[in-house]
Amino acid sequence: MLADSPVVIPTHVLAQKMDQETVLLNAETGAYFGLTPVASRAWELLEQGSAPAALGALLASEFAAPVDQIERDLTPFLARLAEKQLIRD
Amino acid sequence: MEQQACVEVRLLLALLSRAQARGQTGAGVAAPDAQKLLQLACWHGVAALALRGLRRGGLAVKPAGDLPGFAQRLQERARADSFQSLAQLAGLREIASALKAAELPVIAWKGVTLAQALYGDSSMRASCDIDLLVRHQDLPRATRVLEQLAFQPATRFLTAAAAARANHLNCEAQFCRARDRLAVELHDEFMPRLFGSTLAIEQCLVRAEWAVLGKETRVRTLAPADLLISLCLHGAKHGWDRLKWVCDVAAFTERYAETIDWAALLPAARQAGVLEPLLTGLRLAESMLAATLPAPVSACTRHKSASRRSIAAIERRISAGLLEERPVALAMQDALRALSSPAARLRYLVRRSLTINALDVERFGLPARWNALYYPLRMVRLLRRAIAGAD
């Protein structure tokens, strides 16, 4: 179940869009992350304040994929972002 | 560019060119070596810009051969540069906050703030360090602030005296932090002291503008006119041997042409003795990257023949597609070309002959009370080198 309130991106997280990808830096841990084009778009929507629960429908329409499949992929993606301290609830 | 460049340089210029951005088409190019093209893009610090050119509309000039994997390898390099620029952005935020707390006014120069201003994207410009401009009198305090943030002085000299001498002459002090390998340079002048004074940092601080580095931090940056002059001085200092500096000037003309009072800038630059490098930078951007120059610059005939010679020499060097630093003799020629008048060139040569540099200090290592002996020893060293050169 995806949260229906926006996530918080801590100030120590820096993001840089590069072509269709996004690179992230957790300045506290010094760890870098690269996001694929779909994940980049999800990150962009999170940055803009979209709630995780709203991402499925938005991404499904943009990438012409079934909503349930997108939501299945979003759950571990968001969990991983939280685990790496790139977002918090 | 008038002369025939090597295929890969022509292709790279086509990717970076403002004409390419405007969708124009250039002449045909045959059989490029993709590896060489990639090396050139990295050497010139323009991987991300070249990738952007490629994505925007392919090449203005069509390669006869294929470029297998070129875009992917360019992207990998651009990604690495992007990681580096994010780290520098984080570092700059941290340093800016610490300097603000210490009430030390500094200007962030080049690097991520420049990339953001010129290209709208801090990853578009490869940079190896964070450059900060500080007033000469603030250098010791700024050094202490950096040391509190775990930055250590970095130098290639073995003795502290030689390092201090090099810092003083080059107007820059280098620092590095082991934990994230971030490099920082503090500058108290735009050019080494041998060139004489150029833009006064004190005045630049008065005219400075603010750039936002995230939700909580902002940092001073140069006002546009100062920025352009500083970019041209920096290019001249290095003989314009990296295309990224020419790209910066070209991007500047596109971004700021309308906001600059060119009719006032040119006489002011002449008065400050920086007109020659300014015009060279602008004319290089026009010649190599099809930048559109503002009418007052195009109409300015001063230093035209000198600029033409400088530009031709720079273009020849870049066109050859070499991946190495300039030899010292060539660097000195470039330095002389960058100076506006015969008197300034003469002053430079006299200063260069008489100034004790870090190599003298390292080589002879005299105690402080014997400092005067450095002068005759330097003369002997230069004489011996000249005789060896004549042989």
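Note that the coordinates shown come from a computational prediction; the quantities given were computed from them, not determined experimentally.

Visitor: What should I look at first to understand the overall build of chain A in this one?
Guide: In terms of helices and strands, chain A carries three helices and three strands. The order of α-helices and β-strands along chain A, N terminus first, is β-β-β-α-α-α. Relative to the 2.2 N^0.38 estimate, which gives 12 Å for 89 residues, the radius of gyration of chain A is 12 Å and therefore close to what a compact globule would have. Dimensions of chain A along its principal axes, counting C-alpha atoms only, are 35 × 30 × 20 Å. Taking all 89 residues of chain A together, the buried fraction comes to 42%. Counted over contacts in chain A with a minimum sequence separation of 6, partners at least 24 positions apart contribute 49%. Distance between charge centres in chain A, computed from 6 positive and 12 negative side chains, equals 4 Å.

Visitor: Help me understand the interface of chain A and chain B, please; the structure alone is not making it clear to me.
Guide: Often, the extent of an interface is quoted as the loss of accessible area on bringing the components together. Of the residues lining the interface, 16 residues belong to chain A; the matching set on chain B comes to 16 residues. Approximately 1400 Å² of surface area, both sides summed, lies buried where chain A meets chain B, with 59% of it carried by carbon and sulfur atoms. For the interface between chain A and chain B, the tally reads one salt bridge. Across the salt bridge formed by A:Glu21 and B:Arg79, the nearest N and O atoms sit 2.7 Å from each other. Where chain A packs against chain B, one counts six residue pairs in polar contact (both at pLDDT 80 or more). At the level of elements, strand S1 (13–18), strand S2 (21–26) and strand S3 (31–35) of chain A are the ones that each hand at least two residues to the side of chain A that touches chain B. Element by element, the count of residues in the side of chain A that touches chain B is highest for S1(A), at five residues. Residue composition of the side of chain A that touches chain B, grouped by class: 10 nonpolar, three polar and three charged.

Visitor: Help me out: how do you make sense of the sheet that holds S1(A) in this one?
Guide: Pairing between the strands of a sheet comes from backbone hydrogen bonds, and it takes one of two forms, parallel or antiparallel. Pairing is antiparallel across the open sheet formed by three strands, whose spatial order is S1-S2-S3 (chain A). Each edge of the open sheet carries a strand with a single partner, namely S1 and S3 of chain A. Going across the sheet, the axis of each strand differs from the next one's by a mean of 20°, ignoring polarity. Where helix H5 (residues 70–101) of chain B meets the sheet, its contacts fall on S1, S2 and S3 of chain A, and the angle it forms with S1(A) comes to roughly 150°.

Visitor: I'm lost on a nonpolar patch on the surface in this one. Help?
Guide: Residue and element names in this part refer to chain B. On the surface, Leu346, Val350, Leu354 and Met379 cluster together into a nonpolar patch covering about 350 Å² of accessible area. The element contributing the most residues to the nonpolar patch is helix H17 (residues 342–354), with three residues. By secondary structure assignment, the location of Leu354 is in helix H17. Take Leu354: its relative accessible area is 44%, and that puts it in the partly exposed class.

Visitor: Even after reading the chapter, I still don't get the confidence of the model for chain A, so can you show me in this structure?
Guide: Mean pLDDT for chain A: 91, with 100% of residues reaching 70 or above. Ranking the helices and strands of chain A by mean pLDDT puts helix H1 (residues 37–47) of chain A first, with 94, and S1(A) last, with 88.

Visitor: Hey, could you run me through helix H7 (residues 139–148) of chain B in this one?
Guide: Since the α-helix packs 3.6 residues into each turn, any two residues three or four apart lie on the same face. All names here are of chain B. Looking only at H7, the buried set comprises Leu139, Ala142, Thr143, Val145 and Leu146. All buried residues of H7 fall inside an arc of 160° around its axis, so they share one side. Those residues of H7 that are buried are in contact with H5, strand S4 (172–177) and strand S5 (182–187).

Visitor: What is the right way to read the nonpolar core from this model?
Guide: Generally speaking, a soluble globular protein has its nonpolar side chains buried in company with each other. All names here are of chain B. In this structure, Leu12, Leu16, Leu74, Phe190, Leu228, Trp240 and Leu278 are the most contacted members of the largest nonpolar core, which totals 83 residues. Take this core: its biggest share by element is nine residues, from helix H11 (residues 243–256). If we ignore the near neighbours within four places in the chain, the residues touching Leu228 are Val249, Phe252, Trp262, Leu265, Leu278 and Leu282. Among the nonpolar cores identified, the runner-up in size contains 32 residues, and Leu86, Phe151, Leu182 and Leu186 belong to it.

Visitor: Help me understand the packing of helix H1 (residues 7–16) of chain B against helix H3 (residues 34–43) of chain B, please; the structure alone is not making it clear to me.
Guide: Helix packing geometry: the angle between the two helix axes and the distance between the axes. All names here are of chain B. Axis separation between H1 and H3 bottoms out at 9 Å; the angle between their running directions is 55°. Considered as vectors, H1 and H3 are oriented oblique to each other. Two packed elements cross with a definite hand, and for H1 against H3 that hand is right-handed. Here Glu8, Val9, Leu11 and Leu12 of H1 come into contact with H3, specifically with Lys36, Leu37, Leu40 and Ala41. Tallied by class, residues from the contact of H1 with H3 come to six nonpolar, no polar and two charged.

Visitor: Is there a simple way to think about the confidence of the model for chain B in this case?
Guide: Taken residue by residue, chain B gives an average pLDDT of 86. The fraction at 70 or more is 90%. Predicted complex metrics record ipTM = 0.81 and pTM = 0.86.

Visitor: Please clarify how unusual backbone geometry should be interpreted in this entry.
Guide: For residues besides glycine, phi is generally negative; the peptide bonds are generally trans as well. Residues and elements named next belong to chain A. Residue Ala64 is not a glycine yet carries a positive backbone phi of 50°. Within the secondary structure layout, Ala64 lies in the loop between helix H2 (52–63) and helix H3 (67–83). Under the relative-accessibility criterion, Ala64 is labelled exposed at 74%.

Visitor: How do you make sense of the packing of helix H10 (residues 224–237) of chain B against helix H13 (residues 275–289) of chain B when you look at a structure like this?
Guide: Residue and element names in this part refer to chain B. Relative orientation of the contacting elements H10 and H13 amounts to 85°, with a least axis distance of 8 Å. In this view, H10 runs roughly perpendicular relative to H13, as classed from their interaxial angle. Only Pro277, Leu278, Gly281 and Leu282 of H13 make contact with H10, whose side of the interface consists of Leu228, Ile229, Cys232, Leu233 and Ala236. Taken together, the residues that form the contact of H10 with H13 break down as eight nonpolar, one polar and no charged.

Visitor: Would you explain the pattern of salt bridges in this entry?
Guide: A side chain of one charge can pair with a side chain of the opposite charge if their charged atoms are brought near each other. Residues and elements named next belong to chain B. For the structure shown, the criterion picks out 19 salt bridges over all chains. The salt bridge partner of Glu172 is Lys237, with a shortest N-O separation of 3.5 Å. Of this pair, Glu172 sits in strand S4 while Lys237 sits in helix H10; the two residues are 65 residues apart in sequence, bridging distant segments of the chain. Note on accessibility: Glu172 and Lys237 belong to one class, buried. Between Arg177 and Asp180 there is a salt bridge, with its nearest N and O atoms 2.7 Å apart. Take Arg177: its relative accessible area is 2%, and that puts it in the buried class.

Rules of the game
- Residues numbered from 1 in each chain as written.
- Chains lettered and ligands numbered in written order.
- Predicted model: local features only at pLDDT ≥ 70, side-chain atom pairs only at ≥ 80, totals over all residues.
- Heavy atoms only, no water.
- Helix = DSSP H or I, 4+ residues; strand = E, 2+ residues; numbered from the N terminus.
- Rg over C-alpha atoms; globule rule 2.2 N^0.38 Å.
- Buried < 20%, exposed > 50% of the residue type's maximum accessible area, 1.4 Å probe, protein only.
- Contact = heavy atoms within 4.5 Å.
- Lys, Arg positive; Asp, Glu negative; His and termini not counted.
- Charge placed at Lys NZ, Arg CZ, Asp CG, Glu CD.
- Buried area = accessible area lost by both parts, 1.4 Å probe.
- Salt bridge = Lys/Arg side-chain N within 4 Å of Asp/Glu carboxyl O.
- Polar contact = N/O pair within 3.5 Å; in protein donor to acceptor, adjacent residues only side chain to side chain.
- Nonpolar A, V, L, I, M, F, W, Y, C, P; charged D, E, K, R; others polar.
- Pairing = 2+ DSSP bridges.
- Axes fitted to C-alpha atoms, helices over the stretch in contact; angles between N-to-C directions.
- Patch = residues over 30% accessible without salt bridge, like charges linked within 9 Å, V, L, I, M, F, W, Y side chains within 5 Å.
- Areas by Shrake-Rupley, 256 points an atom, 1.4 Å probe, with all protein chains shown as cover.
- pLDDT = per-residue confidence, 0-100.
- Arc of directions from axis to C-beta.
- Core = buried A, V, L, I, M, F, W, Y, C linked by side-chain atoms within 4.5 Å.
- Parallel < 35°, antiparallel > 145°, perpendicular 65-115°, else oblique.
- Left-handed = near helix turned anticlockwise from the far one by under 90°.

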